[in-house]
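These are the residues of each chain, in order.
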Amino acid sequence: MTFKQKYEITPRYLTGPSQRRPKAPLARCRFMVAHDTGNPGSTAAGNVSYYERTHADMEQSAHLFVDDKQIIECVPFLTGPAEKAWHVVYNVTTDNVRYGVDANDAAGGVELCYGGSIDLQEAYKRFVWVMAYSCYRYGLNPATDITGHYILDPARRTDPQNALRLLNKTFDDFVADVAKEYADCKEDEPVLNKEVANNIISSYLSPEWFKCDEQRTKAQQDGRAADAEAWRKLRDYQKYLADELRKASGQAVE
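The model shown is predicted, which means the values in this text are computed figures rather than measured ones.

J.: So what exactly am I meant to see when it comes to the packing of helix α8 (residues 194-221) against helix α9 (residues 225-248) here?
T.: The packing of two helices is summarised by the inter-axis angle and the distance between the axes. The interhelical angle for the contact between α8 and α9, taken along N-to-C directions, is 165°, at an axis separation of 8 Å. Between α8 and α9, the crossing angle belongs to the class labelled roughly antiparallel. Here α8 runs over α9; the crossing is left-handed. On α9, the residues touching Ala197, Ile200, Ile201, Leu205, Glu208, Trp209, Cys212, Asp213, Gln215, Arg216, Ala219 and Gln220 of α8 are Asp227, Ala228, Trp231, Arg232, Leu234, Arg235, Gln238, Lys239, Leu241, Ala242, Leu245 and Arg246. Residues belonging to the contact of α8 with α9 are distributed by class as follows: 13 nonpolar, three polar and eight charged.

Have a look at this one:
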């Protein structure tokens, strides 16, 4: 199983170890937290640049920032061995109640940029895709393993509702969009090597097809209609087998 790589993820890691990037390993990703920047008009590159300039100032970060042009990873999560990011405060307990663990220790955090000159529809497409890809990478269920910052810290935070309202979407709409993207982007890998399939077709099935067709023609010419029909069915079965091999090896049927 593979996942369709619709967008590029650009690694631009913050200096670490530092306040914003402790370089502490994320042992296991248990869920995803959706954020928005809360700063209309700020881009992915602008946010990451600000985080880098202030990397020694405060314990606040996220793994990825997404706008209409870029997906930038500033704390390793999808482009390198996963590390912790400080995107949910420790002194709220909603994450512990819901998931049995602190978000900073076991969740990915993705920030959606919006407002100003940002094309929010395009940014949202990338946001949905990277959340779906994160679920794929870490074996998560989009329907149950995505939460919002406002859900975990309702007294202080409203994200990602700030951006979603501009799109006339609820958080449930967003989760449904991620689940659909997850399903659409999963691709089954061929279970059979293409060269092996073609060798079986050319060496065995194709000669048998011609043999059956020759016998069908002969029976038809001799007026043996029942025999001709039997040879036709056997001939067509060779094509069926060949097409099944083609499908199993990721090739188009003929």
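J.: Whenever I open this one, the layout of surface pockets confuses me. Can you help?
T.: Each pocket or cavity is described by its volume, and for the largest pocket that value is around 440 Å³. Around the largest pocket, the lining comprises 24 residues; the ones closest to its centre are Tyr51, Gln60, Ser61, Glu111 and Arg157. Taken together, the elements giving at least two residues each to the lining of the largest pocket come down to β3 (31-36) and α1 (44-53). Broken down by element, the residue count for the lining of the largest pocket peaks at three residues, all from α1. For the lining of the largest pocket, a count of residues per class yields eight nonpolar, nine polar and seven charged.

J.: Before we go on, may I ask you to explain the packing of helix α4 (residues 120-137) against helix α7 (residues 171-185) in this structure?
T.: One way to put it is that α4 packs onto α7 with a least axis distance of 8 Å and a crossing angle of 65°. For α4 against α7, the interelement crossing comes out right-handed. Where α4 abuts α7, its residues Tyr124, Phe127, Val128, Trp129, Met131, Ala132, Cys135 and Tyr136 lie against Asp173, Phe174, Asp177, Val178, Glu181, Tyr182 and Cys185. Here the residues of the contact of α4 with α7 are counted per class, giving twelve nonpolar, no polar and three charged.

J.: Just to check I follow, could you spell out the sheet that holds strand β7 (residues 146-148) for this structure?
T.: Consider a sheet: its strands pair through backbone hydrogen bonds, and that pairing is either parallel or antiparallel. Pairing within the open sheet is mixed, and its six strands lie in the order β2-β5-β4-β6-β3-β7. Every interior strand has two partners, whereas the edge strands, β2 (9-11) and β7, have only one. The average angle at which neighbouring strand axes cross in this sheet is 25°, direction not considered. By the bridge criterion, three bridges tie β3 to β7 in an arrangement that is parallel. Each residue of the ladder has a partner; that of Met32, found in β7, is Ile146. Relative to strand β4 (residues 64-66), α1 is tilted by about 150°, and along the sheet it contacts β4 and β5 (71-73). The strands touched by α7 within the sheet are β3 and β7, with β7 carrying the most contacts at an inclination of about 150°.

J.: Is there a simple way to explain unusual backbone geometry in this structure?
T.: Note: most residues except glycine have negative phi, and most peptide bonds are trans. In this model, Gly16 is joined to Pro17 through a cis peptide bond whose omega is 0°. Positionally, Pro17 belongs in the loop between β2 and β3. The omega angle of the peptide bond from Asp159 to Pro160 is 5°, so this bond is cis rather than trans. Along the chain, Pro160 falls in the loop between α5 (149-152) and α6 (161-166). Residue Lys23 is not a glycine yet carries a positive backbone phi of 60°. In the Ramachandran plot, Asn168 falls in the positive-phi region, its phi being about 55° despite a non-glycine side chain. In this fold, Asn168 is placed in the loop between α6 and α7. For Asn168, a relative accessible area of 71% gives the class exposed.

J.: How should I be thinking about the nonpolar core in this particular structure?
T.: It is characteristic of soluble globular proteins that their nonpolar side chains tend to be buried jointly. Counting 50 residues, the largest nonpolar core has Met32, Trp129, Val130, Ile146 and Phe174 as the members making the most contacts within it. Elements supplying a minimum of two residues to this core: β3, α1, β4, β5, β6 (107-112), α4, α6 and α7. No other element matches α4, which puts eleven residues into this core. In this view, Phe174 contacts Ala34, Tyr124, Phe127, Val128, Met131, Ile146 and Leu164; residues no more than four positions away in its chain are not counted. Counting residues in hydrophobic clusters, the runner-up holds ten residues, among them Phe31, Val88, Val101 and Ala106.

J.: Would you mind showing me how to read the pattern of salt bridges here?
T.: Applying the stated criterion across every chain, the model contains 21 salt bridges. Across the pair Arg157 and Asp159 runs a salt bridge, and its minimum N-O distance is 3.4 Å. Between Asp243 and Arg246 there is a salt bridge, and its shortest N-O distance comes to 2.8 Å. On the criterion of helical spacing, the pair formed by Asp243 and Arg246 is a turn pair, its members being three residues apart in helix α9. Both residues of the pair, Asp243 and Arg246, belong to the buried class. Among the ionic contacts, a cluster of salt bridges with common partners joins Asp213, Arg216, Glu229, Arg232, Arg235 and Asp236.

The rules behind each value
Residues numbered from 1 in each chain as written. Predicted model: local features only at pLDDT ≥ 70, side-chain atom pairs only at ≥ 80, totals over all residues. Heavy atoms only, no water. Axes fitted to C-alpha atoms, helices over the stretch in contact; angles between N-to-C directions. Helix = DSSP H or I, 4+ residues; strand = E, 2+ residues; numbered from the N terminus. Parallel < 35°, antiparallel > 145°, perpendicular 65-115°, else oblique. Left-handed = near helix turned anticlockwise from the far one by under 90°. Contact = heavy atoms within 4.5 Å. Nonpolar A, V, L, I, M, F, W, Y, C, P; charged D, E, K, R; others polar. 1 Å grid on protein atoms, 1.4 Å probe; cavity = no way out; pocket = protein on both sides within 12 Å on 5 of 7 lines; lining within 4 Å. Points joined across faces, edges and corners; volume = space filled by probe spheres on them. Pairing = 2+ DSSP bridges. Buried < 20%, exposed > 50% of the residue type's maximum accessible area, 1.4 Å probe, protein only. Core = buried A, V, L, I, M, F, W, Y, C linked by side-chain atoms within 4.5 Å. Salt bridge = Lys/Arg side-chain N within 4 Å of Asp/Glu carboxyl O.

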